[in-house]
Amino acid sequence: MSGQIGDAEYRRLLEFRTGLRRFLRWSQDQATAVGLTPAQHQLLLAIRGHEDPRGPTIGEAAGYLLLRHHSTVELVDRAVAAGLVERAGDPDDERVVRLRLTPTGVARLELLAELHLEELLRLAPMMQAVWRDLEEM
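Residues numbered from 1 in each chain as written. Predicted model: local features only at pLDDT ≥ 70, side-chain atom pairs only at ≥ 80, totals over all residues. Heavy atoms only, no water.

**Student:** Report on the environment of His116, specifying residues and quantitative values.
**Tutor:** Along the chain, the position of His116 falls in helix 5 (residues 103–135). Counting along the chain gives 89 residues from His116 to Ser27, while the straight-line C-alpha distance between them is 7.3 Å. Leaving out residues up to four positions away in the same chain, His116 has contacts with Phe23, Trp26, Ser27, Gln30 and His41. (Helix = DSSP H or I, 4+ residues; strand = E, 2+ residues; numbered from the N terminus. Contact = heavy atoms within 4.5 Å.)

**Student:** Now, about unusual backbone geometry: what can you tell me, with residues and values included?
**Tutor:** Residue Leu66 is not a glycine yet carries a positive backbone phi of 60°. Considering the arrangement of structural elements, one finds Leu66 in the loop between helix 3 (58–65) and helix 4 (69–81).

**Student:** So what's going on with the environment of Gly59? Which residues, and what values?
**Tutor:** With respect to the element layout, Gly59 can be found in helix 3. Separated by 32 residues in sequence, Gly59 and Ser27 have C-alpha atoms that sit 24 Å apart.

**Student:** So what's going on with the side chain of Thr57? Which residues, and what values?
**Tutor:** Take Thr57: it is sitting in the loop between helix 2 (38–49) and helix 3. Discounting residues that sit within four places of it in the chain, Thr57 has contacts with Val96, Val97, Arg98 and Leu99.

**Student:** Requested: an account of the nonpolar core, with residues and values cited.
**Tutor:** Of all hydrophobic cores here, the largest spans 19 residues; its most connected members are Leu36, Leu43, Leu44, Val85 and Leu99. Only helix 2, helix 3, helix 4, strand 2 (97–101) and helix 5 provide two or more residues apiece to this core. With four residues, the top contributor of residues to this core is helix 2. Beyond its immediate chain neighbours, meaning those up to four positions away, Leu44 contacts Leu36, Leu84, Val85, Leu101, Gly105 and Leu109. (Core = buried A, V, L, I, M, F, W, Y, C linked by side-chain atoms within 4.5 Å. Buried < 20%, exposed > 50% of the residue type's maximum accessible area, 1.4 Å probe, protein only.)

**Student:** How would you sum up helix 4? Please name residues and give values.
**Tutor:** Across its 13 residues, helix 4 extends 18 Å between first and last C-alpha, which sits within 8% of the 18 Å expected from 1.5 Å per residue. Listed in full, the buried residues belonging to helix 4 are Thr72, Leu75, Val76 and Ala79. Each buried residue of helix 4 lies within a common arc of 100° when the element is viewed along its axis, so the set occupies one face. Contacts from the buried residues of helix 4 go to helix 2, helix 3, strand 1 (85–89) and strand 2. One or two steps after helix 4, the chain reaches Gly83, where phi turns positive at roughly 80°. (Expected span 1.5 Å × (residues − 1). Arc of directions from axis to C-beta.)

None of this, on its own, says anything about what the molecule does.
Put into structure tokens, the structure is as follows:
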């Protein structure tokens, strides 16, 4: 894109960012409603969504969460204390610790995932329209 950015482009950017922020606020409220902090919800999702069935390492979880290693350790410690997550040794390398969800963590994440997918389906038409408009610029 070259040239001046016009009023229409600013409106599209505002609409897109507002949609993202509304979804994030809604997501935080949903996490709180099931007794999780938004950070705990993100941690549970990072663990469940990780492609390796053994679970992510702390470093991998930190990458998903965009947190520093020590901040992720503190978050994991609180999640372990809340009965949401457990640490497990890696069967292939005893020096590596993997993260897994407990049954309580699984149950809370499943509830939130269902709600989030429904909300994303509801928001999809609006976000797709904004995206199409951006692609036509």
